[in-house]
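A look at the structure
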Amino acid sequence: MVEDQIIVGLEVHCQLDTKSKLFCGCSTDYRNDGPNTHVCPVCLGLPGAMPVLNKRSIEYAMKVAKALNCTVLNESEFSRKNYFYPDLNKAYQITQYDKPLAEGGYLEIESDKGGEKRVQLTRIHVEEDPGRLVHMGNAERGKYSLVDYNRAGIPLIEIVSEPDMRSPKEARKFLNKLRATLEYLSVFDSEKEGSLRVDANISLKGSERVEVKNITSYKGVEKALTYEVTRQKNLIRRGQRIERETRHFIESTGITQSSRSKEQEHDYRYFPEPDLRPLQVQSWMEGIVLPELPDARRERFITQYGCSLNHARTLTGELKLANFFEKVASADPKGLPLLAATWIADTLIGELNYRSMNLDSVDAAGFTELVCILNKGSITDKSGIEVLRVMLDKHLNNEPVETPAAIIARLHLAKTAGDDSVIITSIEEAITENPKALEDYRAGKSGALNFLVGQVMKKTRGKADPGDVNQLLTEALTKREA
Ligand SMILES: [Zn+2]
C-alpha cells in the first residue's frame, strides 16, 4: 500500500496563555494550587451568573488567525454545545459553531517528499475548556472520580485542518510547526501540562474515517496514528470493513480503543449563546502586528549566519532553541555561528534528549565558553563532547557548576598541540605493534591507514587532533617506505 493512501486531518485544542479565564476574572495560573481554588459563580456555572468575554483572548486568537493566514469573519458568534458530563458543570460548553472566529488559512510544513507543503486549514474557533476529572486508582476499575473546576473556563482555540496530511510523520510535523508558531506569537505555553490536546481523523483511501480522541502529547499523535494505520491495514487485509467510529488513545500503552459512546454532532443541540453578543472584530486585524515567525527566522538564519537548511530548520523549530542559538552566536558573530549551530543541532539536543533534560537546564555562558574553546581548536571534538557530558551530568546530579576550562584542566583534555612528540611516539608504537597493517598499507590497501589512525587515537586517548594524526602518520609511513 502506498503512503498516499493515508489521509489525516487534525483538530488541535490549544490553551491561550491569558492571565484570566475566558468569561470571568479567575486566574488561569492554577497548576500549583489545590483543586477548585480558582473558581467563581461564572466558571462554576451557577444559576444567574453571566459570562463577560475576555478581550485579550480574542486578540490572541486573532493573532493566531493572522499568522496562519486565516480570514476573520465579519461576524462570529458563540453557541452552546449541550451535553452532560461531570467535568461540565453547566451541562453546556460555550463554543463557536456555525459562525467561527476565522476560516481558511494554511500552515507550511516540510513534506515527506522533501520541500515545503501547505496544509490547508478549515477554521479557528474560540471556546472554554471544561473542568478536569481525576480518576482515583485504576481508570478501568477505579472506585470514584474527583472533579476539579480550576481548568473550567480557560480560553481555548480549536484549529481544524483539512485532511491534507499523508502520514503520521507529517501530522507530527504539522503539530510541531503549529506549536512553534504559537510560541513565537507569545500566546501559548507548550510546557504547561494539558495546554494542548489533539483529535485526529484518519482513513485509508476508500475506507471509513476513524476519529482518535484524547491525544495529549506531541509524540502521542504520531504514535496513535501509526497504530491506527497498522490496525486499519490489518482489517482490510483480513477482508473486514473499517467502521466509522470514535476511538480513544491510551497514552501509557500506545494503542487506541473503541469508545462505547457514539456521539453524533446533532446530539449537542447547538444554539446561539443568549448571554453574549455576536463578535464583530474584523477591523482589529489591521492593528495586529506579528513578530518574526519560524519560517522567516529560518530564512534569516540561512542568510545571516550561513546555516544549512537542516540546521536552520532544527534551530528555529522551538523558540527557546532559536533564542539560545542566537545568544551563543552573539559572543563572536564572525567566528561562532556555524560551529554553535552544529554543536547545538547535532550534539546538544541529542545529549539533552538522552538525559530527558530540557534547554532550561543548560548554562548558556558555559556552553558559549565551550564553543569558543572548540573554535580555537584547543580541544578535539571528542573531548568537546566529553566536557559537555560532564556539564550536563553535573546539572542532573545537582552538583556545583564547573566551567569548561576547569573540566578540561581536571581531565587533562587539552590537545597536545605544539608538542607532537606524544603523537609521534604513539605512531611508532602503533606501526611496530601492527606489522600486518604496515604490509597492507604498502600493498595499497586503503583501510590500513584508517586502522592505524584509530590505533593512534586510542593511544592518545582522543586528545590528538585526527587531522594531525593523519598527516604525521602518512609522513611516518612514507619515511619507512623510503
Ligand atoms: Zn471564574
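So, a few notes on the structure that sits alongside this text.

Quick notes on the rules
In this numbering scheme, every chain counts its residues from 1 along its sequence in written order. Whole-chain, interface and lining totals are the exception, using all residues; otherwise, since this is a predicted model, local features are given only for residues with pLDDT of at least 70 and side-chain atom pairs are given and counted only at 80 or more. Side-chain numbers come from the whole structure's heavy atoms, not from hydrogens or water. What we call a nonpolar core is a set of buried Ala, Val, Leu, Ile, Met, Phe, Trp, Tyr and Cys residues that are connected through their side-chain atoms within 4.5 Å. Three exposure classes are used, based on accessible area relative to the maximum for each residue type with a 1.4 Å probe and protein chains only: buried under 20%, partly exposed in between, and exposed over 50%. Note on contacts: a residue pair qualifies if any of its non-hydrogen atoms lie within 4.5 Å across the two residues. Note on pairing: two strands pair once DSSP finds at least 2 bridges between them. A run of H or I in DSSP becomes a helix once it reaches four residues, and a run of E becomes a strand once it reaches two; helices and strands are each numbered from the N terminus. For Na, K and Ca the donor cut-off is 3.2 Å, and for all other metals it is 2.8 Å, counting N, O and S atoms only; because water is absent from this set, sites may look incomplete. In these descriptions, tetrahedral denotes four donors with every angle between 85 and 135 degrees, square planar four donors and octahedral six donors with opposite donors over 155 degrees apart and the rest between 65 and 115, and irregular any other case. Every axis in this analysis is a line fitted to C-alpha atoms, fitted for helices over the stretch in contact. Angles between the N-to-C directions lie between 0 and 180 degrees. Note on angle classes: values under 35 degrees are labelled roughly parallel, values over 145 roughly antiparallel, values of 65 to 115 roughly perpendicular, and the remainder oblique. Should the near helix be turned anticlockwise from the far one by less than a right angle, the crossing is termed left-handed; should it be turned clockwise, right-handed. Residues are grouped as follows: Ala, Val, Leu, Ile, Met, Phe, Trp, Tyr, Cys and Pro are nonpolar; Asp, Glu, Lys and Arg are charged; every other residue, Gly included, is polar. The span you would expect from a helix comes to 1.5 Å times its residue count less one. Any N or O atom pair separated by 3.5 Å or less is treated as a polar contact, with the protein-specific requirement of one donor-capable and one acceptor-capable atom, and with residues adjacent in sequence counted only for side-chain atom pairs. Paired rings are identified among Phe, Tyr and Trp, the last through its six-membered ring, by centres lying within 6.5 Å, and are further divided according to the angle between planes into stacked (under 30 degrees), edge-to-face (over 60) and tilted (the rest). Geometrically, a charge over a ring is one whose NZ (Lys) or CZ (Arg) sits within 6 Å of the ring centre while staying within 35 degrees of the ring normal.

1. Considerations on the nonpolar core
Soluble globular proteins tend to bury their nonpolar side chains together. The biggest cluster of nonpolar side chains holds 101 residues, and the ones touching the most others in it are L10, F174, F325, L348 and F367. Excluding anything up to four places from it in sequence, L348 contacts F324, W343, L359, V362, F367, L388 and L392. L438, M457, V469 and A476 belong to the second-largest nonpolar core, a separate cluster that totals 17 residues.

2. Side note on the sheet that holds strand 3 (residues 79-82)
Spatial strand order, 4-3-15: 3 strands in an open sheet with antiparallel pairing. Two strands bound the open sheet, and with one partner strand each, they are strand 4 (92-95) and strand 15 (271-272). When strand 3 meets strand 4, the two strands line up antiparallel, connected through 4 bridges. Its bridge partner being in strand 4, K81 is matched across the sheet by Q93.

3. Overview of the coordination of the zinc ion
Around the zinc ion, the protein contributes the donor atoms C24 (SG), C26 (SG), C40 (SG) and C43 (SG), at 2.3 to 2.4 Å from the metal centre. Taken together, the 4 donor atoms surrounding the zinc ion define angles of 101 to 115° at the centre, an arrangement classified as tetrahedral.

4. Thoughts on the packing of helix 6 (residues 319-329) against helix 8 (residues 364-376)
Between helix 6 and helix 8, the least distance of the axes is 9 Å, while the angle of their chain directions is 55°. If you check the angle between helix 6 and helix 8, you find them oblique. In this structure, helix 6 meets helix 8 at a crossing whose hand is right-handed. Listed contacts from helix 8 to F324, K327 and V328 of helix 6 are A364, F367, T368 and V371. Tallied by class, residues from the contact of helix 6 with helix 8 come to 5 nonpolar, 1 polar and 1 charged.

5. Some remarks on helix 13 (residues 447-459)
For helix 13, built from 13 residues, the straight-helix expectation of 18 Å at 1.5 Å per residue is met to within 8% by its first-to-last C-alpha distance of 19 Å. Within helix 13, the full set of buried residues consists of A448, L449, L452, V453, Q455, V456 and M457.

6. Here we look at the environment of R197
Following the sequence through the fold, R197 ends up in strand 11 (residues 196-204). For the pair R197 and K436, spaced 239 residues apart in sequence, the C-alpha separation works out to 62 Å. Apart from the residues within four sequence positions on either side, R197 is in contact with E11, V12, H13, Q15, D129, R151, L156, I215 and T216. In terms of polar contacts, R197 uses its side chain to reach the side chain of D129, at 2.6 Å. A distance of 3.4 Å separates the side chain of R197 from the backbone oxygen of G194, its partner in a polar contact.

7. Digging into the packing of aromatic side chains
Within this structure, the stated rule accounts for 8 aromatic pairs. An angle of 5° between the planes, with centres 3.6 Å apart, marks the rings of Y97 and Y270 as stacked. Note that Y97 is positioned in the loop between strand 4 and strand 5 (102-103) and Y270 in the loop between strand 14 (255-258) and strand 15, a separation of 173 residues in sequence. Residues Y268 and Y270 carry aromatic rings whose centres are separated by 5.9 Å and whose planes lie at 70° to one another, so their mutual orientation is edge-to-face. Relative accessible area serves as the criterion here: at 14%, Y268 is assigned to the buried category. These aromatic residues form a ring-pair network of at least three members: Y83, Y97, Y268 and Y270. Here the guanidinium or amino end of K55 rests over the ring plane of W284, the centre of that ring lying 5.5 Å away.

8. A closer look at unusual backbone geometry
With a phi close to 55°, N36 is a non-glycine residue in the positive phi region. Relative to the elements of secondary structure, N36 occurs in the loop between strand 1 (6-15) and helix 1 (55-67). The phi dihedral of A91 is positive, around 70°, even though this residue is not glycine. Relative accessible area serves as the criterion here: at 32%, A91 is assigned to the partly exposed category.

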